[in-house]
Amino acid sequence: MKFDGEENELCDRSKIAIGAEYRPSLLSKNYLSHVRYRAGAYYSDPYYKINGRRATREYGVSAGFGLPFPRTRSMFSVSAQYIRVDGRGVNMINENYIRINLGLTFNERWFFKRKVE
């Protein structure tokens, strides 16, 4: 591959991830029993090389929860993710960062397309 007039090398990218979601109860009338608790982790070898060597490796863990809106199927999600990027060379930079995610999911009937016959 050529980028900006220079020859660069790429390698195969691999990623392994695992996650789980727990919901205490489907039938309870208690609000907290409908909150969805989530957790996950991943490990990745990115696709780029520097000086003929694989440049970094990356791994992270995440946790969060989904808060359902009462009497609807919509949900507000909050999660935090810790990510570590390890440079594999002497002059490489190591990074640690935390990512906060906020999400809003509309899952209502009025979004579905109706068929008229």
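What you see is a predicted model, and the numbers here were worked out from it, not measured in a lab.

## Things to note about the overall build of the protein chain
Here is step 1: Each helix and strand in the protein chain was counted, giving 0 helices and 9 strands.
Here is step 2: The order of α-helices and β-strands along the protein chain, N terminus first, is β-β-β-β-β-β-β-β-β.
Here is step 3: Here the protein chain has a C-alpha radius of gyration of 21 Å; the compact-globule value for 117 residues is 13 Å, and the former is much larger.
Here is step 4: Expressed along its principal axes, the backbone C-alpha trace of the protein chain runs to roughly 60 × 40 × 20 Å.
Here is step 5: Per-residue burial over the protein chain gives 21% buried out of 117 residues.
Here is step 6: Looking at the protein chain alone, contacts between residues at least 24 apart form 47% of all its contacts between residues at least 6 apart.

## Structural notes on the layout of surface pockets
Here is step 1: Considered as a void within the structure, the largest pocket measures approximately 340 Å³ in volume.
Here is step 2: R23, P68, F69, T72 and R73 are, among the 14 residues lining the largest pocket, the residues nearest its centre.

## Quick word on the pairing of strand β8 (residues 75-87)
Here is step 1: Pairing geometry for strand β7 (residues 56-68) and β8, over 13 bridges, is antiparallel. Following the sheet pairing, L67 is matched in β8 by F76.
Here is step 2: The loop that links β7 with its antiparallel partner β8 comprises 6 residues; one of these, R71, has a positive phi angle of about 60°.
Here is step 3: Both β8 and strand β9 (residues 95-105) contribute to a ladder of 11 bridges, which runs antiparallel. Pairing of V78 across the sheet is with L102, part of β9.

Analysis parameters
Residues numbered from 1 in each chain as written. Predicted model: local features only at pLDDT ≥ 70, side-chain atom pairs only at ≥ 80, totals over all residues. Heavy atoms only, no water. Helix = DSSP H or I, 4+ residues; strand = E, 2+ residues; numbered from the N terminus. Rg over C-alpha atoms; globule rule 2.2 N^0.38 Å. Buried < 20%, exposed > 50% of the residue type's maximum accessible area, 1.4 Å probe, protein only. Contact = heavy atoms within 4.5 Å. 1 Å grid on protein atoms, 1.4 Å probe; cavity = no way out; pocket = protein on both sides within 12 Å on 5 of 7 lines; lining within 4 Å. Points joined across faces, edges and corners; volume = space filled by probe spheres on them. Pairing = 2+ DSSP bridges.

Keep in mind that these numbers describe shape and distance, not what the molecule does.
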